[in-house]
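Coordinate inspection notes
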Amino acid sequence: MNAHHRVTAVLGPTNTGKTHYAIERMLGHRTGVIGLPLRLLAREVYDRIVASRGPSVVALMTGEERIVPDRAQYWVCTVEAMPLDIGADFVAVDEIQLCADPERGHVFTDRLLRARGLHETLFMGAETMRPAIAGLIQGVQFHKRERFSELTYTGQKKISRMPERSAIVGFSVENVYAIAELIRRTKGGCAVVMGALSPRTRNAQVAMYQNGEVDYLVATDAIGMGLNLDVKHIAFAATSKFDGRRMRALYPQELAQIAGRAGRYQENGTFGVTGEVRPLDEETIEAIEEHRFDPIRKLEWRNHALEFGSVDRLLRSLEAPTQNKWLARARDADDVLALKYLIELPEVRDKLNTPQRIKLLWDVCRVPDFRNASGVEHVTLLARIFDFLTGRGLAQTRIPSEWLEKAIARIDKAGGDIDTISKRLAYIRTWTYVAQRKGWVENESHWRDETRAVEDRLSDALHAALTQRFVDRRTSVLMRRLKQKETLVAEVNDKGEVTVEGEFVGRLEGFRFQQDATASSEEAHTLRQAAIAALKPEFHLRADRFYNAPDTELDFTEQGGLMWGTTAMGKLVKGGDIVRPVVEAFVDDEAGPDVADKVRRRLQHFIDRKIAAGFDPLLAMGRDETLTGLARGFAFRLAEGLGVIPRDMIATEVKDLDQEARGALRKHGVRFGQFTIFLPALLKPAPTRLRLVLWSLWNGLDEFPESPPPGLVTIPNIAAVPAMHYTLAGYHPAGARAIRIDMLERLADILRTKDSRAGFEATPDMLSITGMTLEQFSDLMGGLGYKGEKAERPKVKAAPVPVAVDPNAPIQPITEEESAFVHPDPEAVAEMEAYYTFTWAPKPRARPERSPRPERSPRPEGTARADTAPRGDRPAREPRKDGDAPRGPRPEGKRPEGKRDHAKGGKPQGKGGARDDHKPKTYEQRPPRAEKPIDPDNPFAALMALKAKL
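Chains are numbered independently. Their residues run from 1 in the order of the written sequence. Local features in a predicted model are, by the rule used here, given only for residues with pLDDT of at least 70; side-chain atom pairs are given and counted only at 80 or more, and totals for whole chains, interfaces and linings are based on all residues. Think of the side-chain values as coming from all heavy atoms in the structure, minus any hydrogens and water.

We treat two strands as partners when DSSP finds at least two bridges between them. In this description a helix means any DSSP run of H or I spanning at least four residues, a strand means any run of E spanning at least two, and both kinds are numbered starting from the N terminus. Spatially, the three strands line up as an open sheet ordered 30-32-31, and their pairing is antiparallel. Bordering the open sheet on either side are strand 30 (714-716) and strand 31 (731-734), each of which pairs with just one other strand. The sheet shows a mean angle of 30 degrees between the axes of neighbouring strands, taken without regard to direction. The sheet contact formed by strand 30 and strand 32 (residues 737-740) spans three bridges and is antiparallel. Paired with Pro716 across the strands is Arg737, a residue of strand 32. To obtain each axis, a line is fitted to C-alpha atoms, and for helices this fit is confined to the stretch in contact; angles are then taken between N-to-C directions over 0 to 180 degrees.

Below is the structure:
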């Protein structure tokens, strides 16, 4: 070997600065090429050199990316893309121990054997490569580098107890995602690094970790290949992986390559296991800590001198054996398998008639399967590409731009979940690789830029999707601030949304903090702790604002809730009196007792004033000391009913009241109605709404009845609704509908003027009061105890209005309409109208059996029973002793207060006794009364005798 062609092997464990040393050596030469194992690492090194020397002299070459300036001096490449024929002064290959990798080892071995710089060649890797390098390269110099820091095993730890600045390593996408989701729930989030990510996505994820936005990293073994990260602890979530053929356990040196990323420069690092992984054995731990591993005995090798004279010669050259004891022929890689499949296709084999076509087919077979699709799907795509490139003649053609544009357009969609975007990114990497091949597409620069732009858009979308799924910025920020014991700043906007340090944590509904439901159970405690600590000043400020708020901003609901605007502040509970409910305030315990007491007192003041204003007549009657005896007891019963009580419930009390007591009660507005005893002022919508709430609270109802909309005269009468609920709402059930109490009493006043025994028709006033049709009114009257008989009669037309006629005016002919009045058609059918006749006919009610009454003495002949038609307050008569006891119709199914013929049951008896409607009426003179003898002691007897003499 020429002395100027110096070959050096810099060997040692991770964190020894080997890659940094190679970069410094390369920049010391005029030109140089460095090969790196990953596209991710190549991009990182490219960025470092560009920052030092500028972009005009640095080239980047990978399978999917090609940045080559005109004056390129330094070439940063993946090992597969390294140019070997440019004559660079310096050549370096990193991670040279990958010569033993079953998949890519033959590429690294080829670079070990053939890649040389004009002045210096550098190989960096593990100490296990020393014997193989010494056996294959004569005169090589070895430099051993020691680790800057110590690496220590710490055993097994749960992920929930993982220390900060840790990296958890898995070996499958599913495993990585599952770990990342668990980290998000327990620690606030993590960054994700995988070899399949584009450099743009990987850099964004790493930057998020390096900047401290998250304290955890979940990655595949990609981080073991030279990525410089600020990691203090490496935890293995798996110690086996699929190597392309089978699942196998990782070798100790592979574990050490990954674990060695813990610790940076002179900071010590630790490693261990987590999850369901068994602890490492003592021998493996000692080997990793002391960097002692068995040397590599065999390197993967494939013949580089390929022959393209025929397909068979190409296959023989690819399968050529080696006699070197350090080398072993590599198993067929994906490109060889694709070649063997394609040459069996007739449409492909027929075109392999020149060495150029065979070499072109081999280049097509080397397109990587970024999608990890099935073998048939991938080789089908390769066959299509080869068909485009060969065309029909011998000259090479291009992939049609129209076809390529459609293929890229199907991929250029940034929406979707992580898996969808990842698949699109893998597809675009295929077309990015194809666009980088010289002579394969038309307008190469355009398609290179286009595929790169699509890859960047998908990379950004993938980074955003990964961040959204695996990073809870809110929890991460709050945990970091709490750990640093900083004062957190909380803000509450007009919608009640609570943000702490700009992160949404929940809603403040009154004085109750409703935590964000998306928070997991693990992070909920941290969120609440941070939010409550920051909300304490807000609780006091809001309590002062609420205490000084006017009553117009407060209200109560029909279910007993207390509102401040649209926010629930508390609820009413049963107190010691029906008109004195107690307030239960909705205040979190964390707000403190002072805030809770202030809120409760403000709500109590509000509801007390509301009751005082709405029930002032009722409360004033209770405070009136002049009411005594029966009047005071009656006032107490009325207070229990909150100003409205059915008359039949207190019929006895009403009868016992004398006129003086009634007058005293009337002074307070009490009205003794025919059906209801009530205070008209309490039938207004506001007191009615409050009455329903207070009565429901006092009676312990689970669901409170709601008041009907104001202004309705009648509402539907629902059988499932108790009659008392209608009374409290200010209505009286009758038939299919319930009528408002005050309107019913107006109707009763009109009915008392009618002859309920002989029958009467509905007047327009009756229909106007109820707002009903004639049929609806008939149903209502039936509910009030009347019987309605429907009949028809000819409709009477209104007579024409007479018009003054001028005798001197000429006679005008009579129209057909006018002639109908002058000469009606005797054969015309008269228009009929329906009408109802109502009579008092309450339904009999069932009576319990009782002992027979004693026989009464016969009534003197010629006397008649009192009229028992429906009673009322007849204006032309003095009130009876029982005051305003009703004489009109009574509620359906109730007994009228008049006398009743109990033997017959049914209609109360009026003059003449019971009438049989089915017998014709007879009119006969009554027999003369029997003469009674005159009492001689009667003072009028002498006068009567004198009159007889005269």
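The geometry of helix 5 (residues 173-187) relative to helix 16 (residues 444-470) is characterised by a closest axis approach of 9 Å and an angle of 50 degrees between their N-to-C directions. Considering their axes alone, helix 5 and helix 16 lie oblique with respect to each other. Together, Tyr177, Ala180, Glu181 and Arg184 of helix 5 and Leu466, Arg469 and Phe470 of helix 16 make up the contact between the two elements. Gly is put with the polar residues, along with every residue not named as nonpolar or charged; the nonpolar set is Ala, Val, Leu, Ile, Met, Phe, Trp, Tyr, Cys and Pro, and the charged set is Asp, Glu, Lys and Arg. Of the residues assigned to the contact of helix 5 with helix 16, the class counts are four nonpolar, no polar and three charged. Throughout this description, any angle smaller than 35 degrees is read as roughly parallel, any larger than 145 degrees as roughly antiparallel, any in the 65 to 115 degree range as roughly perpendicular, and the remainder as oblique. Contacts are assigned to residue pairs that have any heavy atoms within 4.5 Å of one another.

Attention now moves to helix 8 (residues 282-290). For helix 8, the full list of buried residues reads Thr284, Ile285, Ala287 and Ile288. Along the axis of helix 8, the buried residues cluster in a sector spanning 165 degrees; they form a single face. Residues of helix 8 that are exposed and angled more than 90 degrees away from the buried face: Glu282 and Glu283. Against strand 9 (151-157), helix 7 (252-259) and strand 16 (269-274) lie the buried residues of helix 8. The definition of a polar contact used here is a pair of N or O atoms within 3.5 Å, where within protein one atom must be able to donate a hydrogen and the other to accept one, and adjacent residues in sequence count solely through side-chain atom pairs. Capping of helix 8 at its N-terminal end is provided by Asp281; its side-chain oxygen lies 3.2 Å from the backbone amide nitrogen of Glu283. Just beyond helix 8, the residue with positive phi is His291, at close to 55 degrees. Exposed residues in this analysis have more than 50% of their type's maximum accessible area, buried residues have under 20%, and partly exposed residues fall in between, with area computed by a 1.4 Å probe over protein chains only. Read the arc as the range of directions from the helix axis to the C-beta atoms.

Attention now moves to the nonpolar core. Within the largest apolar cluster, 68 residues are counted, with the highest numbers of intra-cluster contacts made by Leu339, Leu361, Ile385, Trp431 and Trp440. Tallying contributions element by element places helix 15 (residues 418-436) first for this core, with nine residues. In this structure, Trp440 is in contact with Leu360, Asp363, Val364, Val367, Ile385, Leu389, Gln396, Arg398, Ile399 and Val434, ignoring residues within four places of it in sequence. Only buried residues count toward a nonpolar core, which is a set of Ala, Val, Leu, Ile, Met, Phe, Trp, Tyr and Cys residues joined through side-chain atoms within 4.5 Å. Core analysis: the second largest hydrophobic core is formed by 65 residues, Val595, Ile650, Val670 and Ile715 among them.

Quick look at the pattern of salt bridges now. Oppositely charged side chains may form a pair once their charged atoms are brought near each other. Salt bridge, as applied in this entry: a Lys or Arg side-chain nitrogen positioned within 4 Å of an Asp or Glu carboxyl oxygen. Counted under the stated rule, the structure contains 54 salt bridges. A salt bridge links Arg30 to Asp89; the shortest N-O distance between them is 3.9 Å. One end of the pair, Arg30, is in the loop between helix 1 (18-27) and strand 2 (32-36); the other, Asp89, is in the loop between strand 5 (74-78) and strand 6 (90-93), and 59 residues separate them in sequence. In this structure Arg30 comes out as exposed when scored by relative accessible area, which is 57%. For Asp332, the salt bridge identified is with Lys340, shortest N-O distance 2.8 Å. Judged by its relative accessible area of 28%, Lys340 falls in the partly exposed class. Each of Arg39, Arg43, Asp47, Glu64, Glu65, Arg200, Arg429, Arg452, Glu455, Asp456 and Asp460 takes part in salt bridges that share partners, so that together they form one network.

Model confidence for the protein chain is summarised by a mean pLDDT of 82, while 81% of its residues fall at 70 or above. Note that residues 859-925 has pLDDT below 50 and, in this model, 126 contacts with residues that lie over four places away or in other chains. Scored between 0 and 100, pLDDT is the confidence that the predictor attaches to each residue.

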